[in-house]
Amino acid sequence: MTRLLAQARLLAQDWHVAPVNAAMISAVLDFADIHRDLGGGRTLMRLSPERVLRADIILLLGRDAERAADIGLVWNDREDQIVRIIDDAALRASRQEAWEEAFDLFDADDRDQAPQRLCA
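Residues numbered from 1 in each chain as written. Predicted model: local features only at pLDDT ≥ 70, side-chain atom pairs only at ≥ 80, totals over all residues. Heavy atoms only, no water.

Visitor: What's the story with a negative patch on the surface in this structure? I'm lost.
Guide: A grouping of Asp-37, Asp-77, Glu-79 and Asp-80 is seen on the molecular surface, where their side chains present a negatively charged patch. The residue Asp-77 is located in the loop between β3 (71–76) and β4 (81–87) in this model. (Patch = residues over 30% accessible without salt bridge, like charges linked within 9 Å, V, L, I, M, F, W, Y side chains within 5 Å. Areas by Shrake-Rupley, 256 points an atom, 1.4 Å probe, with all protein chains shown as cover. Salt bridge = Lys/Arg side-chain N within 4 Å of Asp/Glu carboxyl O. Lys, Arg positive; Asp, Glu negative; His and termini not counted. Charge placed at Lys NZ, Arg CZ, Asp CG, Glu CD. Helix = DSSP H or I, 4+ residues; strand = E, 2+ residues; numbered from the N terminus.)

Shown next as structure tokens:
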């Protein structure tokens, strides 16, 4: 039963997003320009979209550079270790789909209809 659930989860995943790798995590640790204090000696570290587009990150990560902006690391300052890796790729995909749906509204073929004008 658990094997079937695991297979169903694998089939439901979106495979066009590259998985998080060690180079991405290392880049976030080394070049993070967003630091948010979470309290309890923990800090959320991220790369901003502007930082990801700079040459040093692109040379370091190649095609995975844009993907590194989706990664957030929760860093424990007291223990000097990563507590959690947060991957927001699904959020980025959902935002993109919302924009695509919004722009699809303008692609309708209602240009052939005469414009309706209000008269006073």
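Visitor: Explanation requested: unusual backbone geometry in the structure shown.
Guide: Phi is mostly negative for residues that are not glycine, and the peptide bonds are mostly trans. The backbone of Asp-80 shows a phi angle near 55°, a positive value even though the residue is not glycine. With respect to the helices and strands, Asp-80 occurs in the loop between β3 and β4. With relative accessibility at 54%, the residue Asp-80 sits in the exposed group. (Buried < 20%, exposed > 50% of the residue type's maximum accessible area, 1.4 Å probe, protein only.)

Visitor: What is the right way to look at the confidence of the model for the protein chain in this model?
Guide: Close inspection of predicted coordinates is inappropriate for parts of the model with low pLDDT. For the protein chain, mean pLDDT is 79; residues scoring 70 or higher make up 63% of the total. By mean pLDDT, helix α1 (residues 2–12) is the weakest element of the protein chain at 53, and strand β2 (residues 42–46) is the strongest at 95. (pLDDT = per-residue confidence, 0-100.)

Visitor: Looking at this model, I keep getting lost on the sheet that holds β3. Mind explaining?
Guide: Hydrogen bonds between backbone groups are what pair the strands of a sheet, and the pairing can be parallel or antiparallel. Overall, antiparallel pairing links the four strands, which are arranged β1-β2-β3-β4 in an open sheet. Each edge of the open sheet carries a strand with a single partner, namely β1 (34–39) and β4. Across the sheet, the mean angle separating the axes of adjacent strands is 25° when strand polarity is ignored. Summarising the sheet, β2 and β3 pair through five bridges and their orientation is antiparallel. In the strand pairing of β3, Leu-44 is matched with Val-74. Strands β2, β3 and β4 of the sheet are contacted by helix α2 (residues 22–31), whose axis makes an angle of about 60° with β3. (Pairing = 2+ DSSP bridges. Axes fitted to C-alpha atoms, helices over the stretch in contact; angles between N-to-C directions. Contact = heavy atoms within 4.5 Å.)

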